[in-house]
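These are the residues of each chain, in order.
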There are 2 protein chains.
Amino acid sequence: MDTKDLAERILNGERRALARAITLVESGRADHRAQARELLAHLRGHGREALRVGLSGTPGVGKSTFIEAFGMMLTGQGLKVAVLAVDPSSARSGGSILGDKTRMERLSRERNAFIRPSPAQSHLGGVARRTREAIDLCEAAGFDVVLIETVGVGQSETVVAEMSDLFLLLLAPAGGDELQGVKRGIMEIADMILVNKADGDLKATAQRTCADYAGALRLLRKRPQDPQGFPKALTVSAVEEAGLEAAWQEMQALADWRRESGHFAARREGQARYWFESEVRQGLLARLETKRARAAMADLAEEVAAGRLGAAEAAQEMLEHHLDAVMPGLDAAASGA
Amino acid sequence: MDTKDLAERILNGERRALARAITLVESGRADHRAQARELLAHLRGHGREALRVGLSGTPGVGKSTFIEAFGMMLTGQGLKVAVLAVDPSSARSGGSILGDKTRMERLSRERNAFIRPSPAQSHLGGVARRTREAIDLCEAAGFDVVLIETVGVGQSETVVAEMSDLFLLLLAPAGGDELQGVKRGIMEIADMILVNKADGDLKATAQRTCADYAGALRLLRKRPQDPQGFPKALTVSAVEEAGLEAAWQEMQALADWRRESGHFAARREGQARYWFESEVRQGLLARLETKRARAAMADLAEEVAAGRLGAAEAAQEMLEHHLDAVMPGLDAAASGA
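Residues numbered from 1 in each chain as written. Chains lettered and ligands numbered in written order. Predicted model: local features only at pLDDT ≥ 70, side-chain atom pairs only at ≥ 80, totals over all residues. Heavy atoms only, no water.

1. Here we look at the packing of aromatic side chains
For the coordinates displayed, the defined rule picks out eight aromatic pairs over all chains. Arranged with centres 6.1 Å apart and planes meeting at 80°, the rings of Phe-70 of chain A and Trp-248 of chain A form a pair that is edge-to-face. Of this pair, Phe-70 of chain A sits in helix H4 (residues 63–76) while Trp-248 of chain A is found in helix H11 (residues 244–261), placing the two residues 178 residues apart along the sequence. A relative accessible area of 5% means that Trp-248 of chain A is categorised as buried. Centroid distance Phe-114 of chain B to Phe-143 of chain B: 6.1 Å. Interplanar angle 55°. Geometry classified as tilted. With a gap of 29 residues between them, Phe-114 of chain B in strand S3 (residues 113–115) and Phe-143 of chain B in the loop between helix H7 (124–140) and strand S4 (145–150) connect regions that are remote in the sequence. Its relative accessible area of 6% is what places Phe-114 of chain B among the buried residues. Taken together, the ring pairs in this structure connect Phe-66, Phe-70 and Trp-248 of chain A into an aromatic cluster. (Phe/Tyr/Trp six-rings, centres within 6.5 Å; stacked < 30°, edge-to-face > 60°. Helix = DSSP H or I, 4+ residues; strand = E, 2+ residues; numbered from the N terminus. Buried < 20%, exposed > 50% of the residue type's maximum accessible area, 1.4 Å probe, protein only.)

So this is what it looks like as structure tokens:
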């Protein structure tokens with residue numbers, strides 16, 4: 001594959017080139033990985049700096065409807081919008097989010113919108129890498145806003161927050177004054193809370209819920225990356241398309257403040273470091289997945305299970321005799337078994 | 001150090017030899033690790049099969065008082081009891097559990113009891129290994145019951161369950177009929193729930209709480225490793241020393257059933273495999289902690305943060321040029337950079 005040519009076509013905004021490139025970064029084949037790295041190297045520094053907006057919401061909060069309405073509002077303003085997804089469950093469930101584009105039929109027909117379902121990977125680490133690289137590709141293709149959607153499952157919210165400039169939590173109106181069992185950790189990483197379904201019979205409940213969350217947010221420790229008044233809780237109605245522009249203005253205000261204060265760039269730098277370190281660890285652990293390593297592991301695990309070897313002893317054996325010669329360049333004395 | 005001599009003294013039941021051996025397995029020094037592996041190899045197959053009982057309870061449920069009363073009851077029956085702890089927070093807090101033996105003053109004076117605080121390690125993986133090896137040492141020293149205590153912090157309950165034959169959850173009486181925010185995952189790994197403080201004014205509440213949990217346990221899917229009627233919820237009173245013998249009888253009944261059905265051995269085998277694999281992964285990742293590896297990581301992270309290298313590209317560079325020659329024996333074609 002001519003990755004230089006593909007890079008040029010992406011920079012020219014050719015959608016098919018973008019789609020093909022995303023397929024490339026989603027592949028786990030070693031030669032595809034090498035091409036993907038080459039492609040990303042060609043594109044580095046040439047794209048637009050999009051606003052990367054992470055969005056988490058459990059099933060039932062109206063996430064698809066919100067993204068469609070919000071996306072239509074943005075394209076209506078002449079902005080180019082990409083929608084990506086991080087869904088570690090999709091491999092198991094056959095795609096619990098963004099399984100097909102029919103969920104966002106209007107938006108998927110928009111010329112300035114690009115919707116891509118979550119890659120079918122059961123491993124969150126794999127989904128994370130592919131999504132991060134897809135974000136880079138979308139930026140190179142000139143998108144202004146990249147929405148990264150996730151369901152609130154396990155670590156997926158943290159993963160999405162670690163690749164977003166802004167992280168939004170979408171919630172449904174809750175009866176009573178009880179917070180909806182939202183984990184404190186998630187509240188702490190949310191840059192904005194949007195209470196959806198502020199329409200019809202639920203409007204008053206949505207407003208009450210919003211006030212509750214606004215109160216809860218005020219109780220959290222002030223974060224240096226927030227200007228006065230943030231993080232905020234707002235109500236929106238995806239079906240009535242109400243509150244969307246106000247929410248977008250708040251997001252822009254927050255992003256602008258962070259750009260000026262240096263927090264925006266600092267966050268991206270911190271994320272880049274984080275993902276680099278995470279990639280190194282994953283790459284190292286992948287060495288255990290080769291056929292020969294797995295066979296050696298299986299043999300030693302038998303010995304351990306039968307009580308003929310201790311766990312630490314067997315691990316030492318694996319590292320020294322099966323994975324070693326491991327880094328003579330780095331630590332010859334220690335590894336010279 | 002003469003590890004063969006130390007092994008013999010442990011097998012003879014010398015407490016000072018046991019204490020010294022635990023100090024050895026707690027050390028992170030490479031030469032100590034080698035001696036620890038040697039010592040454990042000498043002991044393998046020579047000890048008693050203790051009943052390993054994991055016990056989780058948040059601060060305030062009366063964990064120390066329970067362990068002391070339960071331990072005294074066991075030593076009163078002529079059994080030898082060891083108490084270990086898994087507390088990843090101890091390095092930070094200066095020891096939130098078992099920080100000193102004065103918490104269990106009576107038990108610590110018993111000839112047939114051995115109490116060991118959690119090793120001062122901030123890393124849960126490190127605490128886990130040291131505790132597992134300390135369990136092996138206690139078995140070699142002839143203990144009948146090894147209690148492994150943990151606070152319910154993060155993953156520590158799962159870690160303790162993975163090194164126990166039985167895993168108990170100790171809870172306090174709760175007002176109302178609401179379950180105490182016990183995570184479903186913890187309910188699912190609990191083999192028995194003990195509601196403590198079933199005495200005085202709290203007695204009725206404790207019984208109601210116990211009935212609630214018994215109901216919740218019945219709603220969980222039946223597990224193959226449980227005989228009819230398990231997992232159970234029982235009330236105990238550590239201060240009145242009530243219900244302790246009944247709880248112990250249930251534990252023994254469960255352990256006996258599992259021994260006969262093969263689940264006991266199967267669980268230990270599965271745990272041995274799990275810890276072996278975990279040790280290999282930890283050992284591999286430890287290669288990133290050498291001085292030269294850290295320096296190379298830091299340099300590359302700078303490049304990534306500055307946007308001059310992509311995360312995947314930099315990770316590839318790290319793995320190929322700084323950690324490689326990595327396993328020519330295993331995968332010469334792929335790593336031949």
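2. Focus: the pattern of salt bridges
Within the structure shown, the criterion is met by 56 salt bridges over all chains. Here Glu-14 of chain A ties to Arg-9 of chain A by a salt bridge, and the two come within 3.1 Å at their closest N and O atoms. Across the pair Glu-250 of chain B and Lys-232 of chain B runs a salt bridge, and its minimum N-O distance is 3.0 Å. One end of the pair, Glu-250 of chain B, is in helix H11 (residues 244–261); the other, Lys-232 of chain B, is in strand S7 (residues 232–235), and 18 residues separate them in sequence. (Salt bridge = Lys/Arg side-chain N within 4 Å of Asp/Glu carboxyl O.)

3. A few points about the environment of Phe-114 of chain A
Along the backbone, Phe-114 of chain A and Lys-80 of chain A are 34 residues apart, and their C-alpha atoms lie at a distance of 8.2 Å. Among all residues touching Phe-114 of chain A, those that are not within four sequence positions of it are Arg-15, Leu-18, Ala-19, Ile-22, Val-81, Ala-82, Val-83 and Phe-143 of chain A. (Contact = heavy atoms within 4.5 Å.)

4. Some points on the interface of chain B and chain A
Counting residues at the interface gives 51 residues for chain B and 51 residues for chain A. Taken together, the two surfaces of chain B and chain A that pack against each other cover about 4600 Å², and 68% of this comes from carbon and sulfur. Seen at the junction of chain B and chain A, the total is four salt bridges. Inspection of the chain B/chain A interface yields eight residue pairs in polar contact (both at pLDDT 80 or more). Sorting the residues of the side of chain B that touches chain A by element identifies helix H3 (30–43), H7, helix H12 (263–286), helix H13 (291–305), helix H14 (311–322) and helix H15 (328–335) of chain B as the ones contributing at least two each. Take the side of chain B that touches chain A: its biggest share by element is twelve residues, from H12 of chain B. (Buried area = accessible area lost by both parts, 1.4 Å probe. Polar contact = N/O pair within 3.5 Å; in protein donor to acceptor, adjacent residues only side chain to side chain.)

5. Regarding the relation of the copies chain B and chain A
After a rotation of 179° and a shift along the axis of 0.0 Å, chain B superposes on chain A with an RMSD of 0.1 Å. Viewed as a symmetry operation, the transformation between the two copies matches a two-fold axis. An overlap of 100% is found between the interface residues of chain B and their copies at the interface of chain A, pointing to a shared contact surface. (Least-squares fit on C-alpha atoms with pLDDT ≥ 70 in both.)

6. Notes on the confidence of the model for chain A
Residue and element names in this part refer to chain A. The pLDDT averaged across chain A works out to 87; a share of 88% of its residues lies at or above 70. In this model, residues 91–96 is a region of pLDDT below 50 whose contacts with residues beyond four sequence positions or in other chains number eight contacts. Note on residues 325–337: pLDDT under 50 across the span, and 24 contacts to partners over four residues away in sequence or across chains. (pLDDT = per-residue confidence, 0-100.)

7. So, H11 of chain B
Residue and element names in this part refer to chain B. Along its 18 residues, H11 runs 26 Å from first to last C-alpha, staying within 8% of the 26 Å computed at 1.5 Å per residue. Taken residue by residue, H11 has Leu-244, Ala-247, Trp-248, Glu-250, Met-251, Leu-254, Ala-255 and Arg-258 as its buried positions. In an axial view of H11, the angular spread of the buried residues amounts to 160°, which keeps them on one side of the axis. Of the exposed residues in H11, those oriented more than 90 degrees away from the buried face are Gln-249 and Glu-260. Positive phi appears at Gly-262, one or two residues downstream of H11, with a value of about 90°. (Expected span 1.5 Å × (residues − 1). Arc of directions from axis to C-beta.)

8. Examining the sheet that holds strand S7 (residues 232–235) of chain A
Sheet strands line up and pair through hydrogen bonds in the backbone, either parallel or antiparallel. All names here are of chain A. Read from one edge of the open sheet, seven strands run S3-S2-S4-S1-S5-S6-S7, paired in parallel fashion. A single partner strand is all that each edge strand has here, and the edge strands are strand S3 (113–115) and S7. For this sheet the average axis-to-axis angle between neighbouring strands, irrespective of direction, equals 20°. Against the sheet, H4 engages strand S1 (51–56), strand S2 (81–86), S3, strand S4 (145–150), strand S5 (166–171) and strand S6 (192–195), with an angle of about 180° to S4. The sheet strands contacting helix H7 (residues 124–140) are S1, S2 and S4, and the helix crosses S2 at an angle near 170°. (Pairing = 2+ DSSP bridges. Axes fitted to C-alpha atoms, helices over the stretch in contact; angles between N-to-C directions.)

9. Focus on helix H1 (residues 3–11) of chain A
All names here are of chain A. Of the positions making up H1, those classed as buried are Thr-3, Leu-6, Ala-7 and Ile-10. Looking straight down H1, one finds that the buried residues subtend no more than 105° of arc, so they occupy a single side. The inward-facing, buried residues of H1 contact helix H2 (15–26), helix H3 (30–43) and H7. N-capping of H1 is provided by Asp-2, with a side-chain oxygen placed 3.1 Å from the backbone N of Lys-4.

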